Amino acid sequence: MDSGALCANYREIEAHLPAGCQVVPMVKADGYGLGAEWVMRTLGPLGPWGFGVATAAEGAFLRSAGWAGRVLVFAPTLPTELAALLDERLEAALPDMAAVELLAAAGQERGLTPTVHVEVDTGMGRSGFDWKDAEPWIADLARHVNDGHLILASTFTHFHSAEADEQATRTQWSRFEQVVEVMREAGVSPGFLHAANSAASVLYPSLMANVVRPGYFLYGGTAEGVKKKPLPVLSVRARVANVRDVRAGQTVSYDATYTAPEDGRLATVAIGYGDGLPWRISNNGGALVAGQ
């Protein structure tokens, strides 16, 4: 793993941001498999607004690893996770009024005022308050915020096709703006606003609002429509276990899917499907051997 590449990708995201816009690196699924603690220790000194995780357990792990800053839990919080959420000072994304009521009540029982983030569903369809029916739920939310039961730190949405469909992305943003305006008219400060994932962080400077939430770009992943390619953060290494000469017509591997077109040399590398190597890269994958 290359910490320099991870930091360079983070700075590449920052370079596209308007003044005052901040970064919440997503470290869900153990930092996309690279290790959430390693990502936290690498990017923490760069001053992110916080780290994003999927579950309270992931957030608690960051706390145990030494992160004292903001941790946003983006998946809906289960009742069984409330204790960890409050004990570890994690910040929940609220997708519906049931979650608002549950967290507000749990906070009052413990004498705490939870910091929360309101999710608005503008087209992703996974979770979040419905943008089309904003006034009723905003009125209920305002009651809890104004009564001091919750601290609303931000309001956000998710783009479903930022890398592939500009019109859909801008439609989602327009819906989001409508909800934010209703919140303000109801006397509820929406806090920081955010919608941009990795692709949107690069493609749509005007839609970045106050916070961006990059994930796969940080770790070396790219997407159609994003011309800027991130640096690879992870390399998989294996030993060349055997080298042999082969003749034209000789077959190789399971199902004999490769046939040598001419005499040549074959290297057997000590890694395979049992190690997680995808079957689909047979005959079209690549590798570096001594830099070649």
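Heads up: these notes are all about the structure in this document. Just so you know, these numbers come straight off a predicted model, no measurement behind them.

A closer look at the overall build of the protein chain
Working step 1: From N to C terminus, the protein chain includes nine helices and 13 strands.
Working step 2: C-alpha atoms of the protein chain, sized along the principal axes, occupy 80 × 40 × 35 Å.
Working step 3: Across the 292 residues in the protein chain, those meeting the buried criterion constitute 41%.
Working step 4: Within the protein chain, contacts between residues at least 6 apart in sequence are counted, and of these 61% link residues at least 24 apart.
Working step 5: Of the roughly 14900 Å² of accessible surface on the protein chain, 51% is carried by carbon and sulfur atoms.

A word on a nonpolar patch on the surface
Working step 1: A cluster of nonpolar residues, Val240, Val243, Val269 and Val289, forms a patch on the protein surface that exposes about 300 Å² of accessible area.
Working step 2: One can find valine 243 in strand 10 (residues 240-246).

Concerning the pattern of salt bridges
Working step 1: Following the criterion strictly, the structure yields seven salt bridges and no others.
Working step 2: As a salt-bridge pair, glutamate 91 and arginine 70 come within 2.7 Å of each other at their nearest N and O atoms. In this pair, glutamate 91 sits in strand 4 (residues 91-94) while arginine 70 sits in the loop between helix 4 (56-64) and strand 3 (71-73), placing the two residues 21 residues apart along the sequence.
Working step 3: Judged by relative accessible area, which is 9%, glutamate 91 ranks as buried.
Working step 4: Taking the relative accessible area as the measure of exposure, arginine 70 reaches 22% and is therefore partly exposed.

Re the packing of aromatic side chains
Working step 1: Enumeration over the complete set of coordinates arrives at eight aromatic pairs.
Working step 2: With 5.5 Å between their ring centres and 45° between their planes, tryptophan 173 and phenylalanine 176 make a pair best called tilted. Here phenylalanine 176 and tryptophan 173 lie together in helix 8 (residues 166-185), a separation of three residues that amounts to about one turn. No difference in accessibility class separates tryptophan 173 from phenylalanine 176, as the two residues are buried.
Working step 3: Aromatic pair tyrosine 254 and tryptophan 279: ring centres 6.3 Å apart, planes at 20°, arrangement stacked. One end of the pair, tyrosine 254, is in the loop between strand 11 (251-252) and strand 12 (258-259); the other, tryptophan 279, is in the segment after strand 13 (264-269), and 25 residues separate them in sequence.

A closer look at the packing of helix 7 (residues 134-146) against helix 8
Working step 1: Their axes nearest at 10 Å, the elements helix 7 and helix 8 cross at an angle of 45°. Judged on the interaxial angle alone, helix 8 and helix 7 are oblique. Once helix 7 is placed against helix 8, the crossing between them reads as right-handed. Contact residues: Ala134, Glu135, Trp137, Ile138 and Leu141 in helix 7; Val179, Val182 and Met183 in helix 8.

What to know about the nonpolar core
When a protein is soluble and globular, its nonpolar side chains tend to lie buried together.
Working step 1: Counting 68 residues, the largest nonpolar core has Leu62, Leu103 and Trp137 as its most contacted members.
Working step 2: With six residues, the single largest contributor to this core is helix 6 (residues 97-110).
Working step 3: Among the nonpolar cores identified, the runner-up in size contains eight residues, and Met26, Trp49, Leu72 and Phe74 belong to it.

Some words on a negative patch on the surface
Working step 1: Together, Asp133, Glu135, Glu181 and Glu185 make up a negatively charged patch on the protein surface.
Working step 2: Position of glutamate 185 relative to the elements: it lies in helix 8.
Working step 3: Its relative accessible area of 62% is what places glutamate 185 among the exposed residues.

Topic: unusual backbone geometry
Residues other than glycine predominantly adopt negative phi, and peptide bonds predominantly adopt the trans conformation.
Working step 1: Unusually for a residue other than glycine, aspartate 30 sits at a positive phi of about 55°.
Working step 2: According to the relative accessible area criterion, aspartate 30 is partly exposed, its value standing at 41%.
Working step 3: In this structure, alanine 209 is a non-glycine residue whose phi angle is positive, near 55°.
Working step 4: Mapping alanine 209 onto the fold places it in the loop between helix 9 (198-203) and strand 9 (211-212).

What to know about the side chain of asparagine 9
Working step 1: Among the secondary structure elements, asparagine 9 is positioned in helix 1 (residues 3-15).
Working step 2: The buried category is assigned to asparagine 9, whose relative accessible area is 2%.
Working step 3: In this structure, asparagine 9 is in contact with Phe217, Leu218, Gly220, Pro230, Leu231 and Val233, ignoring residues within four places of it in sequence.

A word on helix 3 (residues 36-43)
Working step 1: Those residues of helix 3 that fall on the buried side of the exposure criterion are Ala36, Val39, Met40, Thr42 and Leu43. Here the buried residues of helix 3 occupy an arc of 165° about the axis, which is enough to place them on one side.
Working step 2: Buried positions along helix 3 lie against helix 1, helix 2 (28-32), strand 2 (51-53) and helix 4.

Looking at the pairing of strand 8 (residues 192-196)
Working step 1: The buried count for strand 8 comes to four of five residues, which makes it a mostly enclosed element.
Working step 2: Crossover strand 7 (residues 151-156) to strand 8 through helix 8 is right-handed.
Working step 3: Pairing analysis gives two bridges linking strand 8 to strand 9, with the strands arranged parallel. By the bridge assignment, alanine 196 is partnered in strand 9 with valine 212.

About the cut-offs
Residues numbered from 1 in each chain as written. Predicted model: local features only at pLDDT ≥ 70, side-chain atom pairs only at ≥ 80, totals over all residues. Heavy atoms only, no water. Helix = DSSP H or I, 4+ residues; strand = E, 2+ residues; numbered from the N terminus. Buried < 20%, exposed > 50% of the residue type's maximum accessible area, 1.4 Å probe, protein only. Contact = heavy atoms within 4.5 Å. Areas by Shrake-Rupley, 256 points an atom, 1.4 Å probe, with all protein chains shown as cover. Patch = residues over 30% accessible without salt bridge, like charges linked within 9 Å, V, L, I, M, F, W, Y side chains within 5 Å. Salt bridge = Lys/Arg side-chain N within 4 Å of Asp/Glu carboxyl O. Phe/Tyr/Trp six-rings, centres within 6.5 Å; stacked < 30°, edge-to-face > 60°. Axes fitted to C-alpha atoms, helices over the stretch in contact; angles between N-to-C directions. Parallel < 35°, antiparallel > 145°, perpendicular 65-115°, else oblique. Left-handed = near helix turned anticlockwise from the far one by under 90°. Core = buried A, V, L, I, M, F, W, Y, C linked by side-chain atoms within 4.5 Å. Lys, Arg positive; Asp, Glu negative; His and termini not counted. Charge placed at Lys NZ, Arg CZ, Asp CG, Glu CD. Arc of directions from axis to C-beta. Right-handed = clockwise from strand over helix to strand, strands pointing away. Pairing = 2+ DSSP bridges.

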